[in-house]
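# Reading the structure
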Number of protein chains: 2
Amino acid sequence: MERATLRDVARLAGVSVATASKALNGQPQVRASTREKVMQAASQLDFSPNTHAQALITQRTGTVGLLTSDLEGRFSIPILMGAEDAFGTDQTSVFLCDARGDSIREKHHLRALLSRRVDGLIVVGARPDSRPSLGRDLPVPVIYAYAPSDDPADLSLVSDNEGGGRLAVDHLIRCGRRKIAHITGDATYGAAQDRARGALDRLAQEGLSVAGGEVWFGMWSEAWGRGATRMLLERCPDVDAIFAGSDEIARGVVDVLHEERLDVPGQVAVVGYDNWTILAANARPPLTTVDLNLEQLGRVAAQRLFAAIGGTLGSGIEKFPGRLVTRESTASLR
Amino acid sequence: MERATLRDVARLAGVSVATASKALNGQPQVRASTREKVMQAASQLDFSPNTHAQALITQRTGTVGLLTSDLEGRFSIPILMGAEDAFGTDQTSVFLCDARGDSIREKHHLRALLSRRVDGLIVVGARPDSRPSLGRDLPVPVIYAYAPSDDPADLSLVSDNEGGGRLAVDHLIRCGRRKIAHITGDATYGAAQDRARGALDRLAQEGLSVAGGEVWFGMWSEAWGRGATRMLLERCPDVDAIFAGSDEIARGVVDVLHEERLDVPGQVAVVGYDNWTILAANARPPLTTVDLNLEQLGRVAAQRLFAAIGGTLGSGIEKFPGRLVTRESTASLR
DNA sequence: TCAACTGCCGAAAAGGTTTTCAGGAACGTA
DNA sequence: TACGTTCCTGAAAACCTTTTCGGCAGTTGA
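From a predicted model like this one, the values you see are computed outputs, not experimental measurements.

## So, the protein's contact with DNA strand D
As a matter of local geometry, DNA strand D sits amid 24 residues, with Lys22 and Thr34 of chain A together with Leu6, Ser21 and Gln54 of chain B nearest to it. Sugar and phosphate atoms constitute 67% of the interface atoms of DNA strand D, taking the interface as everything within 4 Å of the protein. Here Arg31 of chain A contributes a side-chain N or O atom positioned 3.1 Å from a phosphate oxygen of DNA strand D. At the level of elements, helix H2 (17–24) and helix H4 (51–58) of chain A together with helix H2 (17–24) and helix H4 (51–58) of chain B are the ones that each hand at least two residues to the surface near DNA strand D.

Written out as structure tokens, the structure reads:
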């Protein structure tokens, strides 16, 4: 199937290419009847303009690069979907590049994307902690999502972990819980620290301190959730709520509570984090959890980028609030 | 940062654009010293050729479209990664488009991709069952992955579910199991039927029939895994192995076996399907399961497509074998 | 000495579109 | 009739690169 060019359309419609172009692009200086002829010719030939020729002349490609560090991870995907969604409604297409956590590969992809003259770039990190900036002298705007850039001159969109921690504890307090523990992941993750800070902050506001005497940092795994819960119960058998730093951890927590014949949420309420549906919704009971709203983050990133194309972006780190999803693992006491 | 063009490079090197082009592209008719001058000028200006101008003249864009139906789903991602990986080493970039299961949206994306003159297309389905063909008269080669096209003239790459079912049962037989049941998902899925067929086939080969008298079709959920297992145990309390149609179902199966105080794998061995790591590896005990090798499928799709660009593709449905991943939920009897 | 090569280089065309600008047609006005 | 307007249309330049082909200089062979 050979492709029709604007020349073919013009010929069929009996006009010049210039007129054909203007007719198809809705320029005003063309008679209605002429426009109609051209449109018809175009659809008859199933014409679609060659974007490369357009790009060459307009200096806009209608493409953006999405540079992710780990596709595998479940955090990139929703952001990617949000971005793809927001662009999809415009006439922008997305180049997907996965650097697999390798900075050489990342450079390579970056070069390729610039060579393709993308109009902008979204960089999605693998971990919520900050990552190296791509540099300041890039010819296109760049937005960092999820993982902020380490250069404050860049614009980063991240989720508000401190707020999320506060959200979770606030909910537990409203449920009438007073002895609230916090079991979370790797202490070297800024996200773990931030969530804990938010949690402690909200507790303090209520005049409470964390049950068990400390925040239990460990690993982002089901196994750690189990281990930490056992230790916690030993030290503080009358705990009435556990805020877990991830849904995986929460699954472990619930598991041990069952083993110990403690009713969830009757005796102990549990809140997870991430709203990883397959884990949270299939738990017994289904987990109340904090959703990161990553899709929204991706959508906003796309919008911001789009708005900034041609102009310049802001800078700094912008935080996006999470959202509490209540399921059956929490309920009011009594 | 303004971008350098070939003109700038040529000027700096003191040659014509034609010579500069030939020097950079390794054409033979240019003196070594001249080439050197050009290369140096190019790197000094950080020149990278405008791919749109190249595309215009060479009629090749070095891009492919990846049209997926549901990014959300966990099956698209590994395929996508495999494809991205295989292309990444070449100088091909991938346009990602998610149709969200909407055929209107799919048409829209298809049109956009063709307008961008992609060199080829990979269509990744959401379900393993066949999907509508994009049509025969497309100007670029198309490969269907995971979900085969309903037009036998197209080329489809899918995973071999029948072989996977055989693989699972074969393993259980080698473990000395004789009373093997099969609990699986929605009977309207071809994949469920195929896996069951493979399983029954291997059983028959051994002179066995399926424990419980029938294959338990139901839903792809943990809850169904639990329900079906209860029914199964009632009807056939001495079952010594259960092949589950998915890891989710397997989680439910294991759950009920625990409740009934049946040891896994001591008394009953369990095999899952999909190797969805978060579920399979975190189960207690970790699940032996069939991996679909989707990444490989994606890689091969990319290679095939690359090979076919310019020429033509084969047709028909090509099946890719799965791979048994053994963990602790299966072991030899005694 | 002249003809035929060989090795390098550059002018120019091509690819498909957008945009500017000049000019033709039709019309009204003096 | 001459002229100024208003509408439309089309020729041509521009975007950046690749590729063809002609030509120049120097070399070889007779």
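More follows now that the structure is in view.
## Regarding the domain arrangement of chain A
Domain assignment breaks chain A into domain 1 (6–49), domain 2 (62–159 + 294–321) and domain 3 (161–292). When each unit is reduced to the centre of its C-alpha atoms, the spacing between domain 1 of chain A and domain 3 of chain A is 64 Å.

## Remarks on the UniProt feature "domain: HTH lacI-type" (unreviewed entry) in chain A
According to UniProt, the positions carrying the feature "domain: HTH lacI-type" (unreviewed entry) are residues 4–58 of chain A. Secondary structure content for residues 4–58 of chain A is 67% helix and 0% strand, and the end C-alpha separation is 21 Å.

## With respect to empty space enclosed by the protein
If you walk through the whole model with that rule in mind, you get one cavity of 30 Å³ or more. In this structure, the largest cavity encloses a volume near 110 Å³. Every residue lining the largest cavity is counted, 14 residues in all, and those nearest its centre are His52, Thr63 and Phe95 of chain A together with His52 and Phe95 of chain B.

## Comments concerning the relation of the copies chain B and chain A
Each of the two chain copies can be brought onto the other by rotation about an axis and movement along it. Superposing chain B onto chain A takes a rotation of 180° combined with a translation of 0.0 Å along the rotation axis, leaving an RMSD of 0.2 Å. This pairing of chains is accounted for by a two-fold axis.

## Things to note about the protein's contact with DNA strand C
The environment of DNA strand C is made up of 25 residues, and the closest members are Leu6 and Ser21 of chain A together with Thr19, Lys22 and Thr34 of chain B. Each atom of DNA strand C within 4 Å of the protein belongs either to a base or to sugar and phosphate, the latter forming 64%. Contact distances for DNA strand C include 2.6 Å between a phosphate oxygen and a side-chain N or O atom of Ser21 of chain A. In this structure, Asn25 of chain A approaches DNA strand C through a side-chain N or O atom, which is 3.2 Å from a phosphate oxygen. For the surface near DNA strand C, the elements supplying multiple residues, two or more each, are H2 and H4 of chain A together with H2 and H4 of chain B.

## Concerning the packing of helix H9 (residues 222–235) of chain B against helix H10 (residues 247–259) of chain B
All names here are of chain B. The N-to-C vectors of H9 and H10 enclose an angle of 45°; their axes lie 7 Å apart at closest approach. Classified by the angle between their axes, H9 and H10 sit oblique to one another. H9 and H10 meet at a crossing whose hand is right-handed. Only Glu248, Ile249, Arg251, Gly252, Val253, Asp255, Val256, Leu257 and Glu259 of H10 make contact with H9, whose side of the interface consists of Glu222, Trp224, Gly225, Arg226, Thr229, Arg230 and Leu233.

Cut-offs and rules
- Residues numbered from 1 in each chain as written.
- Chains lettered and ligands numbered in written order.
- Predicted model: local features only at pLDDT ≥ 70, side-chain atom pairs only at ≥ 80, totals over all residues.
- Heavy atoms only, no water.
- Near = heavy atom within 4 Å.
- Polar contact = N/O pair within 3.5 Å; in protein donor to acceptor, adjacent residues only side chain to side chain.
- Helix = DSSP H or I, 4+ residues; strand = E, 2+ residues; numbered from the N terminus.
- Domains from an automatic or database assignment.
- UniProt positions renumbered as here; feature names shortened; annotations may be inferred.
- 1 Å grid on protein atoms, 1.4 Å probe; cavity = no way out; pocket = protein on both sides within 12 Å on 5 of 7 lines; lining within 4 Å.
- Points joined across faces, edges and corners; volume = space filled by probe spheres on them.
- Least-squares fit on C-alpha atoms with pLDDT ≥ 70 in both.
- Axes fitted to C-alpha atoms, helices over the stretch in contact; angles between N-to-C directions.
- Parallel < 35°, antiparallel > 145°, perpendicular 65-115°, else oblique.
- Left-handed = near helix turned anticlockwise from the far one by under 90°.
- Contact = heavy atoms within 4.5 Å.

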